[in-house]
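Read off the chains here:
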Amino acid sequence: MDFFIKNCILDQEKTDCIVVSIFDLCELSDSAVYLDKCSNGYITSLIKLGDIQGKIGETLMLYKIPEISSKRILLVGCGKKNEINKSNFKEILKNTTKILKKLSIKNVIYAFSEVNINNIYWIVRLMVLSIKESLYEIIKINNLNTKNIKNVKIDSIILNISKKNDLFIAKTSLKHALAIDYGITSSKNLSNLPPNVCNPLYLSYQAQKLAKKYKDNIVVEVIDMKKMKELGMNAYIAVGDGAKNKPFMSVIKYSGNNVLHNKTIAFVGKGLTFDSGGISIKPACRMHEMKYDMCGAAAVYGILIMAAELQLPLTIIGILSGCENMLGSNSFRPGDVLTTMSGQTVEILNTDAEGRLVLCDSLTYLERFSPNIVIDIATLTGACVTALGESFSGLFTNNKDLANQLHHASQETDDKIWSLPLLSEHTKELSSNIADLSNIGKSKAGAITAACFLSNFTKKYNWAHLDIAGTAWKHEKNAEATGRPVELLCQFLLNQSNYIYS
Ligand code: BES
Ligand code: MN
Ligand code: ZN
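Residues numbered from 1 in each chain as written. Chains lettered and ligands numbered in written order. Predicted model: local features only at pLDDT ≥ 70, side-chain atom pairs only at ≥ 80, totals over all residues. Heavy atoms only, no water.

Draft legend 1. Spotlight on the site of ligand 1. Not every one of the 16 residues close to ligand 1 is listed here, only the nearest: Lys 282, Asp 293, Asp 352, Glu 354 and Gly 382. Taking Lys 270, its side chain carries an N or O atom lying 3.2 Å from an oxygen atom of ligand 1. Within the side chain of Glu 354, a nitrogen or oxygen atom sits 2.8 Å from an oxygen atom of ligand 1. Coverage of ligand 1 by the protein chains reaches 77% of its 520 Å² of free accessible surface. When grouped by side-chain class, the residues that make up the shell around ligand 1 number five nonpolar, four polar and seven charged. (Near = heavy atom within 4 Å. Polar contact = N/O pair within 3.5 Å; in protein donor to acceptor, adjacent residues only side chain to side chain. Areas by Shrake-Rupley, 256 points an atom, 1.4 Å probe, with all protein chains shown as cover. Nonpolar A, V, L, I, M, F, W, Y, C, P; charged D, E, K, R; others polar.)

Quick look at the structure:
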């Protein structure tokens, strides 16, 4: 499916459908006014029947419109003209695309460029990413005869840009959006795989494929268990020891061609391809969802794809911390004391608090690159889902500037995050009478104590932790990865690259 940016003469384009907006109280958008004039008032005459007012959620499909070359016009309610924002525009676009998907429509024009949102850059970005999200389908692994009956699929989408002066920015925006979408889709596809396919070794193969594909900019190093032992990554190893699928940590190094500055930005993704809880085993109900415990790693994978596609002028390190938390005679136990790569010792009180153990050694490993900024992304705690639900990822950081930059990118993309505190009250909860730290806290503030645990390993750089336990996949009967927070972090990187739009 291809996108095109074009300044169309709407009545003359021969497509299967033109989508135009209508605002509340039957106020036509400029494109709708134009089409109405061309069709001698056909649209206004239909509106007079009262079938559509322009409220959000309303749509009306028109056929056989006089003097219009396209086969259909879809009128889409966009609510009050001044009240449209990124969130509801996204929903409008997703609904619209769902309607088109069901019909025999191959090519379509979206004439939404007059919508009142920041500027044309964001209108195009929102359109492309929302449409792509609605068209996404999980890759099925099936042999039964359930072939898709519907054979007409949307294969070309024209985004009509009503002002010629906007064409250049619209094209830049399309380029960015397609690269971000490629990152999001790759991340979702990886996350949705079953855990018997996507294991730590498989993750490392995906990383190595990036090095082949983007050979001028990406180098990958895979750290296996033997190297981990040499490095003293005993916490990471302990988590993976009980599993037949051994741990692999993939280190992806991206170097842009004309780097803007000598800052290094690093991302670490929790890559538990399955988290059974280990000896502190999880309850059976919904345990299958723990295949998504690698969504942090999948996000890092997606972010690097976007960076390489757009050839960002930055130096980026991406770590996929692949591991499987299983039960076996070699599993680590509650009561064990582990010496982490940093030298700090940890008493294990619950083997289900494994993400922080894999991450702490990955975070220490990163010190060798002297990164300026490190962001870890992890489906770390059920407590974060309790605190923030499924719409906000939890943000923890040791640096105000970094927090501001992430909040800014979050507002731009509508990929929501919420700051939670990291204070001494919480650090105290991690005390142990036998080791430097214990691996769980004592109170119910589980998302915070988990972040506090990590903060003991991130003193050498500016660090942020995103707990994506609630946002990485839809916690429903038919669970599916969301691809979050790939867009947020891609935007963060675009901002670091000093891209200027508007
Ligand atoms: N991967 C889980 C966190 C999780 C649970 C994410 C449910 C999404 C949905 C993590 O490894 C875990 O098990 N955390 C424990 C920590 C506890 C033992 C301190 C949790 O949240 O229950
Ligand atoms: Mn766990
Ligand atoms: Zn986990």
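That covers the picture; the talk isn't over yet.
Draft legend 2. Representation of the coordination of the zinc ion (ligand 3). Only Lys 270 (NZ), Asp 275 (OD), Asp 293 (OD) and Glu 354 (OE) from the protein reach the zinc ion (ligand 3) as donors, at distances of 2.0 to 2.4 Å. Note that the zinc ion (ligand 3) binds six donor atoms; their angles at the metal cover 78 to 174°, and the shape is octahedral. When the donors of the zinc ion (ligand 3) are listed by position in the chain, the intervening gaps give K-x4-D-x17-D-x60-E. The distance between the zinc ion (ligand 3) and the manganese ion (ligand 2) comes to 3.1 Å, and Asp 275 binds to both of them. In this pair, Asp 293 is assigned in the loop between β10 (264–275) and α9 (295–310) and Glu 354 in the loop between β13 (345–347) and α10 (355–365), connecting sequence segments 61 residues apart. By the burial criterion, Asp 293 is buried, and Glu 354 matches it. (Donors = N, O, S within 2.8 Å, 3.2 Å for Na, K, Ca; no water. Tetrahedral: all angles 85-135°; square planar, octahedral: opposite > 155°, others 65-115°. Helix = DSSP H or I, 4+ residues; strand = E, 2+ residues; numbered from the N terminus. Buried < 20%, exposed > 50% of the residue type's maximum accessible area, 1.4 Å probe, protein only.)

Draft legend 3. Quick peek at the environment of Ile 9. Checked against the element boundaries, Ile 9 lands in the loop between β1 (2–6) and β2 (17–23). With 26 residues separating them in the primary sequence, Ile 9 and Leu 35 have C-alpha atoms 9.8 Å apart.

Draft legend 4. Local environment of the packing of aromatic side chains. Counted by the stated rule, this structure contains seven aromatic pairs. Where Tyr 110 meets Phe 112, the ring centres are 6.3 Å apart and the plane angle is 50°; that geometry is what we call tilted. Among the residues examined, Phe 112 registers a relative accessible area of 0% and is labelled buried. With a centroid separation of 5.4 Å and an interplanar angle of 40°, the aromatic rings of Phe 453 and Phe 457 are classed as tilted. Here Phe 453 and Phe 457 have matching classes, each one buried. Through a chain of ring-to-ring contacts, three or more aromatic side chains come together here, namely Phe 89, Tyr 110 and Phe 112. A cation over a ring is seen here: Lys 86 above Trp 122, with NZ or CZ 4.1 Å from the ring centre. Directly above the ring of Tyr 136 sits Lys 188, whose terminal nitrogen or CZ lies 4.4 Å from the centroid. (Phe/Tyr/Trp six-rings, centres within 6.5 Å; stacked < 30°, edge-to-face > 60°. Lys NZ or Arg CZ within 6 Å of the ring centre and 35° of its normal.)

Draft legend 5. Representation of the sheet that holds strand β17 (residues 437–438). If you trace the three strands from one edge of the open sheet to the other, you get β12-β13-β17, paired in mixed fashion. Two strands lie at the open edges of the sheet, namely β12 (337–339) and β17, each paired on one side alone. Sheet topology places β12 next to β13; three bridges connect them, and they run antiparallel. When the bridges of β13 are listed, Val 337 appears paired with Glu 347. (Pairing = 2+ DSSP bridges.)

Draft legend 6. Summary view of the pattern of salt bridges. In total, this model carries 21 salt bridges according to the counting rule given. Here Glu 133 ties to Lys 94 by a salt bridge, and the two come within 3.5 Å at their closest N and O atoms. Taken together, the positions of Glu 133 in helix α4 (residues 120–135) and Lys 94 in helix α3 (residues 86–102) put the pair 39 residues apart, joining distant regions of the chain. For Glu 133, a relative accessible area of 38% puts it in the partly exposed group. Assessed through its relative accessible area of 17%, Lys 94 is described here as buried. Linking Glu 221 and Lys 253 is a salt bridge whose minimum nitrogen-to-oxygen distance equals 3.4 Å. Taken together, the residues Glu 221 in strand β8 (residues 218–223) and Lys 253 in strand β9 (residues 248–255) connect sequence positions 32 residues apart. Taken together, the shared-partner salt bridges in this structure form one network comprising Asp 24, Lys 55 and Lys 80. (Salt bridge = Lys/Arg side-chain N within 4 Å of Asp/Glu carboxyl O.)

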